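For reference, the chains in residue letters:
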Amino acid sequence: MRTPLLIELPPDTGKWIDVDLTRQLLTVWQGRAERISMQVSTGKAGAGQQNGSGQTPLGWHYVRAAIGESAPPDAVFQGRRWTGEVYSPALHEQFPERDWILTRILWLCGLETGFNRGGQVDSQRRYIYIHGTPATEPMGQPLSHGCIRLERQDLLDVFAFAVPGTPVWIHL
């Protein structure tokens, strides 16, 4: 049985993010004060750590990198780089099988060696992100390939708050 990692957060000033996979809910906290809460879409295959599983990893993470600050809303990303495209229904029709990563990326890195960091369970090497998705994609339902998807405006709100280093707790 794994012992959970304890993160010490200052009671009034520490910024952190809570992702509840059961409720499909992301909550932004400032210490013990809830700032905003929004629906997400996480891994269709459920929760899990294994590389290639399509599952959303559990445990403590942190925002390793915040990508896309100067990109327009609905910017299309591949390989963490803006392609120069902006999502539209016509672009979707042209590439119907694309896993759309839009607007911004918060790239997550696990903090728990052997659980979500290192080897075949490394969230960073699995490219687990909090990212935008088309407005046509439903929230509140697990439908992603393991990432945490948000609607555009919700992502922009979280992105403004979650600087690199921000702790992220992902749980059932």
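The notes below deal with the structure included here. Numbers given for residues are sequential positions, taken from 1 along each chain in its written order. Residue-level local features of this predicted model are given only where pLDDT is at least 70; pairs of side-chain atoms are given and counted only at 80 or more, and the full residue set underlies all totals for whole chains, interfaces and linings. To obtain the side-chain values, all non-hydrogen atoms of the structure were used and water was disregarded.

### Digging into the overall build of the chain
Argument step 1. Comment: elements are numbered from the N terminus, with helices defined as DSSP H or I runs of at least four residues and strands as E runs of at least two. If you tally the helices and strands in the chain, you get two helices and 10 strands.
Argument step 2. Counted from the first residue to the last, the chain has its helices and strands arranged as β-β-β-β-β-β-α-β-β-β-α-β.
Argument step 3. Since a compact globule built from 172 residues should have a radius of gyration of about 16 Å, the 15 Å found for the chain is in line with a globular shape.
Argument step 4. Dimensions of the chain, computed from the C-alpha atoms along their principal axes, are close to 50 × 35 × 25 Å.
Argument step 5. Each residue is placed in one exposure class: buried if its accessible area under a 1.4 Å probe, protein chains only, is under 20% of its type's maximum, exposed if it is over 50%, and partly exposed if it falls in between. Split into buried and exposed, the 172 residues of the chain put 48% on the buried side.
Argument step 6. Two residues form a contact once any of their heavy atoms are found within 4.5 Å. At a minimum sequence separation of 6, the contacts of the chain that also span at least 24 residues come to 64%.
Argument step 7. All accessible-area figures derive from a Shrake-Rupley calculation using a 1.4 Å probe, and residue coverage is judged against the displayed protein chains alone. As displayed, the chain offers around 8600 Å² of accessible surface, 51% of which is attributable to carbon and sulfur atoms. Two things to know: the radius of gyration comes from C-alpha atoms, and the globule rule equals 2.2 Å times the number of residues to the power 0.38.

### Topic: the nonpolar core
Argument step 1. Of all hydrophobic cores here, the largest spans 23 residues; its most connected members are L26 and V158.
Argument step 2. Of all elements in the fold, only strand 1 (15–20), strand 2 (25–30), strand 7 (102–110), strand 9 (148–150), helix 2 (152–161) and strand 10 (167–171) reach the threshold of two or more residues within this core.
Argument step 3. If one sorts the elements of this core by residue count, helix 2 sits on top with four residues.
Argument step 4. Aside from chain neighbours lying at most four places away, what touches L26 is I17, D18, V19, I36, S37, M38, V40, I130, I148, L150 and V158.
Argument step 5. The nonpolar core is taken to be a set of buried Ala, Val, Leu, Ile, Met, Phe, Trp, Tyr and Cys residues, with the residues joined through side-chain atoms within 4.5 Å. In terms of nonpolar packing, the next biggest core, distinct from the first, is built from 10 residues, A65, I105, W107 and Y129 among them.

### Here we look at the pairing of strand 2
Argument step 1. Taken across its six residues, strand 2 has five buried, putting it largely inside the fold.
Argument step 2. Here strand 1 runs beside strand 2; their pairing, made up of six bridges, is antiparallel. When the sheet's bridge partners are listed, D18 is paired in strand 2 with T27.
Argument step 3. Only strands that DSSP links by at least two bridges are regarded as paired with each other. The hairpin turn running from strand 1 into strand 2, its antiparallel successor, is four residues long, and Q24 in that turn takes a positive phi close to 55 degrees.
Argument step 4. Bridge count for strand 2 against strand 3 (residues 33–39) is six bridges, and the pairing is antiparallel. Bridging across to strand 3, T27 finds its partner in S37.
Argument step 5. Linkage of strand 2 to strand 3, two consecutive antiparallel strands, is achieved through a turn of two residues, within which G31 is found at a positive phi near 65 degrees.

### Notes on helix 2
Side chains three or four residues apart in an α-helix point the same way, a direct result of the helix having 3.6 residues per turn.
Argument step 1. Taken together, the buried positions of helix 2 are L155, V158, F159 and F161. The arc that holds every buried residue of helix 2, seen down its axis, measures 160 degrees, which confines them to one face. It is the directions from the helix axis to the C-beta atoms whose arc is reported.

### A look at the environment of W16
Argument step 1. Among the structural elements, W16 can be located in strand 1.
Argument step 2. Separated by 64 residues in sequence, W16 and R80 have C-alpha atoms that sit 23 Å apart.
Argument step 3. Contacts described as polar in this section are N or O atom pairs within 3.5 Å, which, within protein, must combine one atom able to donate a hydrogen with one able to accept it, while residues neighboring in sequence count only if both atoms come from side chains. Reaching out from W16, the side chain makes a polar contact with the backbone oxygen of G31 at a distance of 3.0 Å.

### Brief notes about the packing of aromatic side chains
Argument step 1. A pair of Phe, Tyr and Trp rings is counted when the ring centres sit within 6.5 Å of each other, with Trp represented by its six-membered ring. The angle between the planes then sorts it: under 30 degrees is stacked, over 60 is edge-to-face, the rest tilted. Counted by the stated rule, this structure contains six aromatic pairs.
Argument step 2. Centre to centre, the rings of W16 and W60 are 6.2 Å apart; their planes meet at 50 degrees, and the pair counts as tilted. Pair noted here: W16 is in strand 1 and W60 is in strand 4 (residues 59–67), with a separation of 44 residues, a long-range link. One exposure class covers both W16 and W60, and it is buried.
Argument step 3. On the numbers, 5.2 Å between centres and 35 degrees between planes, the contact of W60 with W169 is tilted.

Such coordinate-based values are descriptive only and should not be taken to indicate function.
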